[in-house]
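# A look at the structure
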Amino acid sequence: MAEDPDIVAEVSEKGGVGKTSLTAGLIAVAAELGLRVGGVDLDPRSTLTDELGITDPELSVNDVYYVDPDKRPRDPAEIARKAFVQAGPAWPSTVRVLPCVRKFGNRETDQTTGMEFRLKRALWGLREEVDVLFCDVPPRAGGKIVGSALIAAKKVLIPATLTGDGHNGATEAMTSIQHYTSPGGLNEGLEVTGIVRSMVPRTREYRQIHRYWSDRLVEDFGDLVLPTIVTNYAVREVCRTGSMPITAAPGREAKALQTAYRDVLFHTLPHLKEIS
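Criteria and cut-off values
Residues numbered from 1 in each chain as written. Predicted model: local features only at pLDDT ≥ 70, side-chain atom pairs only at ≥ 80, totals over all residues. Heavy atoms only, no water. Helix = DSSP H or I, 4+ residues; strand = E, 2+ residues; numbered from the N terminus. Rg over C-alpha atoms; globule rule 2.2 N^0.38 Å. Areas by Shrake-Rupley, 256 points an atom, 1.4 Å probe, with all protein chains shown as cover. Lys, Arg positive; Asp, Glu negative; His and termini not counted. Charge placed at Lys NZ, Arg CZ, Asp CG, Glu CD. Buried < 20%, exposed > 50% of the residue type's maximum accessible area, 1.4 Å probe, protein only. Pairing = 2+ DSSP bridges. Right-handed = clockwise from strand over helix to strand, strands pointing away. Contact = heavy atoms within 4.5 Å.

The helix and strand inventory of the protein stands at 10 helices and 8 strands. Since a compact globule built from 276 residues should have a radius of gyration of about 19 Å, the 18 Å found for the protein is in line with a globular shape. Its C-alpha atoms give the protein principal-axis dimensions of roughly 60 × 40 × 35 Å. As displayed, the protein offers around 12,400 Å² of accessible surface, 49% of which is attributable to carbon and sulfur atoms. Placing the 33 positive and 37 negative side-chain charges of the protein at their respective mean positions leaves the two points 2 Å apart.

This part is about the pairing of strand β8 (residues 225–231). Regular strands place their side chains on alternate faces of the sheet. The element β8 is extensively covered by neighbouring structure, given that 5 of its 7 residues are classed as buried. Sheet topology note: the strand β7 (residues 191–200)/β8 ladder contains 3 bridges and is parallel. By the bridge assignment for β8, I195 is matched with V225. In the classification by handedness, the crossover that spans β7, the intervening helix α8 (residues 208–221) and the parallel β8 is right-handed.

Further remarks concern the side chain of N187. On the secondary structure map, N187 appears in the loop between α7 (164–181) and β7. Owing to a relative accessible area of 12%, N187 belongs among the buried residues under this scheme. The contacts of N187, once residues within four sequence positions are left out, are L150, I151, A153, Y180 and T181.

Take a look at the structure:
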C-alpha cells in the first residue's frame, strides 16, 4: 500500500495575504527537489489553477464535493483521480493540479450530509500519485470548504501580511483550527507549523507600521512566527501572469524568493532536507 502523502494547507481568514503565492512557491521548490507534487485549489477565484497553467478543466474540485441528490454518491477518491491533471507546459512534469472553477463557491451553502469529509477521501485517493500536496484554502471564516481542508490536512501554514488584516487573518485562522485540534475535534493531529510573514515590503518601502505589525505577530504567536520573510517582489506577479514557477524566473529577486520558499518548505517538512 502506498504511503500517505504529506498534506499542507495554506490558511488565513483574510484575503490578499499571500496564500496562493505561498502555495505556488512551495509547489515550485518541492518540484525542484524531484518530488511528485500536487496543488489543490479550493478557492473559487481559481487563482492557483490559473497560475499552474490550467484553463477550462473538464473536472474540478467541484465534482469532488458535489453530490447529485437523485443519485447514489460517487467515491470522491475516484473523481479526484480523474480530475487530477498535469500542470501547464511551463511547470515541471511532476506537478499536477486538482483545479477549481468559479461555481465551486456554491458548495459553501451546500447542505449535503458529510460534504466536509469528501476532500479527505479524495486526497487519500491520490496517495499513489504524489509525495506532497499543497492546498490553497479560501478566506472563509468558519466555512465548510475551510473546514474540509482542516479535516484533510496534516499541517497548516498561515501567511500574514504586516497589516491589521494580516494579523486578524492569522488570529481568526488559529481560532478555527483550535476547533478541529481540541480534544474530540475532527483532526486532533493537525499541526500548525508556522506563521509566515508574507508580501513584506522591500527595504525602501518598509515603514514603522510594518514593524509594528511584525512585532505584534511575534508578541501574540511567539515561536510560531517563522524567521523567514517572504518579500513582495514584482517577479511573483510576473510568474503568476505567465503561469510559470518562480524557480524558472531569473534574477536576484527570484533567487531570494526561491530561498525563502525553500526555507519554509524545509521547516514545514524537515524530512525533505535529506533529498535536497
